[in-house]
Amino acid sequence: MNLNEPWHFYVMSLIYIAAGILHFVKPKMYLRIMPPYIPGHKALVVISGIAEVVLGIALYFDSLKTAALYCIILMLTFFLPVHFHMLNNKRAGMGLPKWALFARIPLQLLLIFWACYYIH
């Protein structure tokens, strides 16, 4: 187990673990934002929740860190259509202001770059 990373690396890890757990605590929220053209909403919410928790934990292990970072980047890339769907669908937007929905897209890109930062 590697505990020699900067503090913000562990914040990133905890964000993914917490986000993954939320898939099981608030599954309806995640189901609501799924685009209709993507099949298997319930299964995808469960799978993505598990993936976030597992990848967040995997970051603590030297042997898994790089693979986990690449998987996080891939996962975040796959999540991008959800953000565009939220922007274009009032129900999926959950009543958030348009500026917040727009801000989620560059935030997603920032999360991708954040994961890229730790790949050596």
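Keep in mind the model is a prediction, meaning the values are calculated, not measured. (Residues numbered from 1 in each chain as written. Predicted model: local features only at pLDDT ≥ 70, side-chain atom pairs only at ≥ 80, totals over all residues. Heavy atoms only, no water.)

Caption draft 1: Expanded view of the overall build of the protein chain. Scanning the protein chain for helices and strands turns up 5 helices and 0 strands. Listed N to C, the secondary structure of the protein chain is α-α-α-α-α in terms of helices and strands. Dimensions of the protein chain along its principal axes, counting C-alpha atoms only, are 45 × 30 × 20 Å. For the protein chain, the exposed area adds up to about 7300 Å²; of that, 75% sits on carbon and sulfur atoms. (Helix = DSSP H or I, 4+ residues; strand = E, 2+ residues; numbered from the N terminus. Areas by Shrake-Rupley, 256 points an atom, 1.4 Å probe, with all protein chains shown as cover.)

Caption draft 2: Representation of the nonpolar core within the structure. Ranked by size, the top nonpolar core spans 19 residues in total, and within it Met12, Tyr16, Leu59 and Ile72 carry the most contacts. Those elements giving two or more residues to this core turn out to be helix H1 (7-25), helix H3 (41-58), helix H4 (62-88) and helix H5 (98-117). If one sorts the elements of this core by residue count, H4 sits on top with 6 residues. Excluding anything up to four places from it in sequence, Ile72 contacts Tyr16, Leu55, Leu59 and Ala115. Counting 10 residues, the second largest nonpolar core, distinct from the first, contains Met34, Val45, Met86 and Ile105. (Core = buried A, V, L, I, M, F, W, Y, C linked by side-chain atoms within 4.5 Å. Buried < 20%, exposed > 50% of the residue type's maximum accessible area, 1.4 Å probe, protein only. Contact = heavy atoms within 4.5 Å.)

Caption draft 3: Spatial organisation of the state of the cysteines. Across all of its chains, the model carries 0 disulfides by this definition. There is no disulfide at Cys71, and the cysteine sulfur nearest it, in Cys116, is 13 Å away. On the basis of relative accessible area, Cys71 is assigned to the partly exposed category, the value being 38%. Its relative accessible area of 33% is what places Cys116 among the partly exposed residues. (Disulfide = S-S within 2.5 Å.)

Caption draft 4: How the structure looks around a nonpolar patch on the surface. A cluster of nonpolar side chains, Met1, Leu3, Ile57, Phe61 and Leu64, forms an exposed patch at the surface whose accessible area comes to about 500 Å². Within the fold, Leu64 resides in helix H4. Its relative accessible area of 40% is what places Leu64 among the partly exposed residues. (Patch = residues over 30% accessible without salt bridge, like charges linked within 9 Å, V, L, I, M, F, W, Y side chains within 5 Å. Salt bridge = Lys/Arg side-chain N within 4 Å of Asp/Glu carboxyl O.)

Caption draft 5: Expanded view of unusual backbone geometry. With phi around 55°, Met94 is a residue other than glycine that occupies positive phi space. Mapped onto the fold, Met94 is located in the loop between H4 and H5. Classification of Met94 by relative accessible area gives partly exposed; the value is 28%.

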